[in-house]
Amino acid sequence: CGPSFSRRRLLAATPNIPSGFPICAPTLVWVLTPTLLLSDAYKFCSPTRSSIMSGRLPLHVNQENHPPEYPGGGVPLGMTTIANHLSSVGYSTHQVGKWHCGMSGEDRLPINRGFNSSLGYLSGAEDHYDQTRDGHVDFWKSTGPAYGMNGSAYSTYLYTTEVEQLIHDHDTMNPMFLYMAFQNTHGPLQVPENYTDIYAAKKVNYNPRLMCLGMIAAVSESIGRMVDALKLKNMYDNTLIIFSSDNGGPHDHANNYPFRGAKGSDWEGGTRVVAFVSGGIIPQTLRGTKRAGLMHVCDCRRYLAFCLCHFCGFVLKRDAIGRVRHTG
């Protein structure tokens, strides 16, 4: 959630990153077919996550991207989350992947912020293979450490398998809300060689960029597996998929051209992100179209909660002091 909404479109590429390497992500291209593209979405790292969870501007939640283990880090306990709202009207709610919305106490774990289950890491920038950061394991399964799972596989594989199992086990008599936050393409830059081998013929000679491209290819494959799981469960036609980055690419391995700047800056290269909505529920008249209106991630959370609760026959209203309550 970048602090700025100004249209600073200075055409300057991120320095030192070779351009011209097409990204091999066939599943993402395929998922884009029934898609409404959101071209002007603005966001930034941990504040993005706190904002979408709380439905509030980062200024009122978490603006500085402080480590979430700091006392009070992440989403304040006095704020409800989108998972709180949706679980209150019958949704099964699940969090998979990066949390970064608070970890200074058990009451800040996803399982205690409205989610029925969770699998992932609470902080950021951990190793993709052994799930450690600074020598400490950060890998959690709902109420405690995910004993026996850390170090067993590449993180994207673990998260994808978890999502497939959640979909397989889901009771389709009830709606589901799944918050899947990929670790890719966050550093450290790590990915199995089969994904970088895709680019062998393109002779990408800048290794950080090559690793980034490979990590995107892994995400593409993962999304394909999750969509296949939805279709196998006969859930896809009634599913809304919201895809978004949390910020622009870092200066060391990403290319944000034609926008100036990178992650951590206020320029559009740091705050303007890739975003689209997809899924079988998208009306035919909107598929393949593009919307260029400005959008803030906290609005996404608010309207998503209202729309999904409406599908379940509930109406959300604010009380006298601004708290959201549902009737139905």
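Residues numbered from 1 in each chain as written. Predicted model: local features only at pLDDT ≥ 70, side-chain atom pairs only at ≥ 80, totals over all residues. Heavy atoms only, no water.

*Asks:* Could you clarify how one ought to interpret helix H4 (residues 155–169) in this entry?
*Replies:* What sets the pattern is the α-helix's 3.6 residues per turn: residues three or four places apart point alike. For H4, spanning 15 residues, the distance from its first C-alpha to its last is 21 Å, which sits close to the expected 21 Å at 1.5 Å a residue. Here H4 has its buried residues at Ser-155, Thr-156, Leu-158, Tyr-159, Thr-160, Glu-162, Val-163, Leu-166 and Ile-167. Where H4 is buried, its residues touch strand S3 (92–98), strand S4 (117–121), strand S7 (140–141), strand S9 (176–181) and helix H6 (207–232). (Helix = DSSP H or I, 4+ residues; strand = E, 2+ residues; numbered from the N terminus. Expected span 1.5 Å × (residues − 1). Buried < 20%, exposed > 50% of the residue type's maximum accessible area, 1.4 Å probe, protein only. Contact = heavy atoms within 4.5 Å.)

*Asks:* I'm lost on the packing of aromatic side chains in this one. Help?
*Replies:* All chains considered together, the criterion is met by eight aromatic pairs. Seen from their ring centres, Trp-99 and Phe-115 are 6.0 Å apart, and the 90 degrees between their planes marks the pair as edge-to-face. Note that Trp-99 is positioned in the loop between S3 and S4 and Phe-115 in the loop between S3 and S4, a separation of 16 residues in sequence. Just as Trp-99 is buried, Phe-115 falls in that class too. (Phe/Tyr/Trp six-rings, centres within 6.5 Å; stacked < 30°, edge-to-face > 60°.)

*Asks:* Is there a simple way to explain H6 in this structure?
*Replies:* Here H6 is 26 residues long and its end C-alpha atoms lie 38 Å apart, about the 38 Å a rise of 1.5 Å per residue gives. Counting buried positions along H6 yields 19 of 26 residues, so the element is predominantly enclosed. One or two positions beyond H6, positive phi appears at Asn-234, with a value near 60 degrees.

*Asks:* Just to check I follow, could you spell out the packing of H4 against H6 for this structure?
*Replies:* For any two helices packed against each other, the geometry is given by the interaxial angle and the distance between the axes. Viewed as axis vectors pointing N to C, H4 and H6 meet at an angle of 10 degrees, and their least axial separation amounts to 9 Å. The orientation of H4 with respect to H6, classified from their angle, is roughly parallel. Where H4 approaches H6, its residues Thr-156, Tyr-157, Thr-160, Thr-161, Val-163, Glu-164 and Ile-167 are matched on the opposing element by Ala-218, Glu-221, Ser-222, Arg-225, Met-226, Ala-229 and Leu-230. Class assignment of the residues belonging to the contact of H4 with H6 gives a composition of seven nonpolar, four polar and three charged. (Axes fitted to C-alpha atoms, helices over the stretch in contact; angles between N-to-C directions. Parallel < 35°, antiparallel > 145°, perpendicular 65-115°, else oblique. Nonpolar A, V, L, I, M, F, W, Y, C, P; charged D, E, K, R; others polar.)

*Asks:* Hey, could you run me through the pairing of S3 in this one?
*Replies:* Regular strands have side chains that alternate between both faces of the sheet. Summarising burial for S3: seven of the seven residues are buried, a large majority. Inspection of the sheet shows S3 paired to S9 by six bridges, in the parallel sense. Counted as the bridge partner of Gly-97 is Ala-181 from S9. (Pairing = 2+ DSSP bridges.)

*Asks:* Explain a nonpolar patch on the surface to me, please; I cannot follow it from the model alone.
*Replies:* Taken together, the side chains of Leu-240, Ile-242 and Ile-281 define a hydrophobic patch exposed on the protein surface, amounting to about 210 Å² of accessible area. With respect to the helices and strands, the residue Ile-242 is situated in strand S10 (residues 241–244). Using a relative accessible area of 39% as the deciding quantity, one classes Ile-242 as partly exposed. (Patch = residues over 30% accessible without salt bridge, like charges linked within 9 Å, V, L, I, M, F, W, Y side chains within 5 Å. Areas by Shrake-Rupley, 256 points an atom, 1.4 Å probe, with all protein chains shown as cover. Salt bridge = Lys/Arg side-chain N within 4 Å of Asp/Glu carboxyl O.)

*Asks:* How should the side chain of His-170 be read in this particular structure?
*Replies:* In this structure, His-170 sits in the loop between H4 and S9. Residue His-170 is classed as buried on the basis of its relative accessible area of 8%. Polar contacts involving the side chain of His-170 include one to the main-chain carbonyl oxygen of Asn-174, which spans 2.6 Å. If sequence neighbours within four positions are ignored, His-170 has contacts with Ser-92, Pro-175, Met-176, Lys-233 and Met-235. (Polar contact = N/O pair within 3.5 Å; in protein donor to acceptor, adjacent residues only side chain to side chain.)

*Asks:* Even after reading the chapter, I still don't get unusual backbone geometry, so can you show me in this structure?
*Replies:* The amide bond that connects Asn-184 to the next residue, Thr-185, takes the cis arrangement and shows omega of 10 degrees. Looking at the secondary structure, you find Thr-185 in the loop between S9 and helix H5 (193–196). Going from Tyr-257 to Pro-258, the amide bond is cis rather than trans, its omega being 10 degrees. Here Pro-258 lies in the loop between S10 and helix H7 (268–271). A positive phi angle is found at Gln-131, which is not glycine, with a value near 60 degrees. Structurally, the position occupied by Gln-131 is in the loop between S4 and strand S5 (132–133). Exposure remark for Gln-131: the relative accessible area of 0% places this residue in the buried category.

*Asks:* Can you walk me through the pattern of salt bridges in this structure?
*Replies:* Where charged atoms from two side chains of opposite charge come close, those side chains can pair. This structure, assessed with the given rule, holds four salt bridges. As a salt-bridge pair, Glu-162 and Lys-141 come within 2.8 Å of each other at their nearest N and O atoms. In this pair, Glu-162 sits in helix H4 while Lys-141 sits in strand S7, placing the two residues 21 residues apart along the sequence. For Lys-141, a relative accessible area of 33% translates into the label partly exposed. In this structure, Glu-164 and Arg-225 form a salt bridge, with 2.8 Å as the shortest nitrogen-oxygen distance. Pair noted here: Glu-164 is in helix H4 and Arg-225 is in helix H6, with a separation of 61 residues, a long-range link. For Glu-164, a relative accessible area of 23% corresponds to the partly exposed category.

*Asks:* I keep staring at the sheet that holds S7 and nothing clicks. Help me out?
*Replies:* To summarise the sheet geometry, strands pair through backbone hydrogen bonds and adopt either a parallel or an antiparallel arrangement. As summarised here, the arrangement of the five strands in space is S8-S7-S4-S3-S9, forming an open sheet in which the pairing is mixed. Two strands lie at the open edges of the sheet, namely strand S8 (144–145) and S9, each paired on one side alone. Where S3 meets S4, five bridges bridge the pair, whose relative direction is parallel. Bridging from a neighbouring strand, His-94 pairs with Ser-117 of S4. Strands S3, S4, S7 and S9 of the sheet are contacted by H4, whose axis makes an angle of about 175 degrees with S9.

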